[in-house]
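# Examination of the molecular architecture
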Amino acid sequence: MIPSFYGTAGVYLPDGVVLRTPLSDSTPFANGFDGQAQLGVAATSGEIWSGGPVWLRDRAHVLGKVFSASSITTQNGVVTDGLFHNLNPFYLASPIQATAPRPTGGSSVSLAPDQSRILSPGSFGDLSVKSRSTL
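This report concerns the structure included in the present document. (Residues numbered from 1 in each chain as written. Predicted model: local features only at pLDDT ≥ 70, side-chain atom pairs only at ≥ 80, totals over all residues. Heavy atoms only, no water.)

## Focus on the sheet that holds strand β5 (residues 44–50)
As a general point, the strands of a sheet are linked pairwise by backbone hydrogen bonds and lie either parallel or antiparallel. Strand order in the open sheet formed by five strands is β1-β3-β5-β7-β9, and the pairing between neighbours is parallel. Of all strands in the sheet, those with a lone pairing partner are β1 (5–7) and β9 (83–84), marking the two edges. Sheet topology note: the strand β3 (residues 29–31)/β5 ladder contains three bridges and is parallel. Considered in β5, the bridge of F29 is made with I48. (Pairing = 2+ DSSP bridges. Helix = DSSP H or I, 4+ residues; strand = E, 2+ residues; numbered from the N terminus.)

Quick look at the structure:
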């Protein structure tokens, strides 16, 4: 299993999120030994590998198995192909380290509720978009 997503200090996929790639609906992810891996209510992912605890909330759907070096907690209606907790020894490959030049920053952009704005290509500082705004 090669994870498409690797969190080093905990992973939280919010309620209703579906983790997938253009090539697969069963996108696996891994979580390091620091922090918890959590799949929100009615969220979907592929196989899960976690060095820390795993929490699968109501109606979470794992398209594959769940492996943890710690505990696995499930709520109502969770669907998986299997749960494997307290695995010892447990190994996770180191996450891939990628470096790329970072933009130098620029002016900050803040939109109040119900505002719209079009930005030209460029580099920006902090970006804040309030509810019902369009950027």
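## Side note on the nonpolar core
Of all hydrophobic cores here, the largest spans 14 residues; its most connected members are F29, L39, I48, V54, L56 and V66. If you list the elements that add at least two residues to this core, you get β2 (11–13), β4 (37–39), β6 (54–56) and β7 (61–68). Ignoring anything within four residues of it in the chain, the contact list for L39 reads L13, F29, S45, I48, W55, L56, R57, A60, H61 and V62. (Core = buried A, V, L, I, M, F, W, Y, C linked by side-chain atoms within 4.5 Å. Buried < 20%, exposed > 50% of the residue type's maximum accessible area, 1.4 Å probe, protein only. Contact = heavy atoms within 4.5 Å.)

## Let's talk about the environment of S131
Among the structural elements, S131 can be located in the segment after β11 (127–129). Judged by its relative accessible area of 43%, S131 falls in the partly exposed class. Taking the C-alpha atoms as reference points, S131 and L56, 75 residues apart in sequence, are found 29 Å from one another.

## Notes on the packing of aromatic side chains
Counted according to the given criterion, the structure contains three aromatic pairs. Relative to F67, the ring of W49 lies with its centre 4.1 Å away and its plane at 20°, an arrangement referred to as stacked. Here the residue W49 occupies a position in strand β5, and F67 occupies one in strand β7, the gap between them amounting to 18 residues. You can call W49 partly exposed: its relative accessible area is 22%. Looking at F67, the relative accessible area reads 14%, which means it is buried. With 5.1 Å between their ring centres and 15° between their planes, F67 and F84 make a pair best called stacked. With F67 in strand β7 and F84 in strand β9, the pair connects residues that are 17 residues apart, well separated along the chain. Its guanidinium or amino end placed over the ring of W55, R57 lies 5.4 Å from that ring's centre, counting from NZ or CZ. (Phe/Tyr/Trp six-rings, centres within 6.5 Å; stacked < 30°, edge-to-face > 60°. Lys NZ or Arg CZ within 6 Å of the ring centre and 35° of its normal.)

## Remarks on the sheet that holds β4
An order of β2-β4-β6-β8 is seen for the four strands of this open sheet, with the pairing classed as parallel. Edge positions in the sheet fall to β2 and β8 (72–74), since each has one partner strand and no second. With strand direction ignored, the average angle separating the axes of adjacent strands in the sheet is 5°. Relative to β8, β6 runs parallel, the two sharing three bridges. Looking across to β8, one finds that V54 is bridged to I72. (Axes fitted to C-alpha atoms, helices over the stretch in contact; angles between N-to-C directions.)

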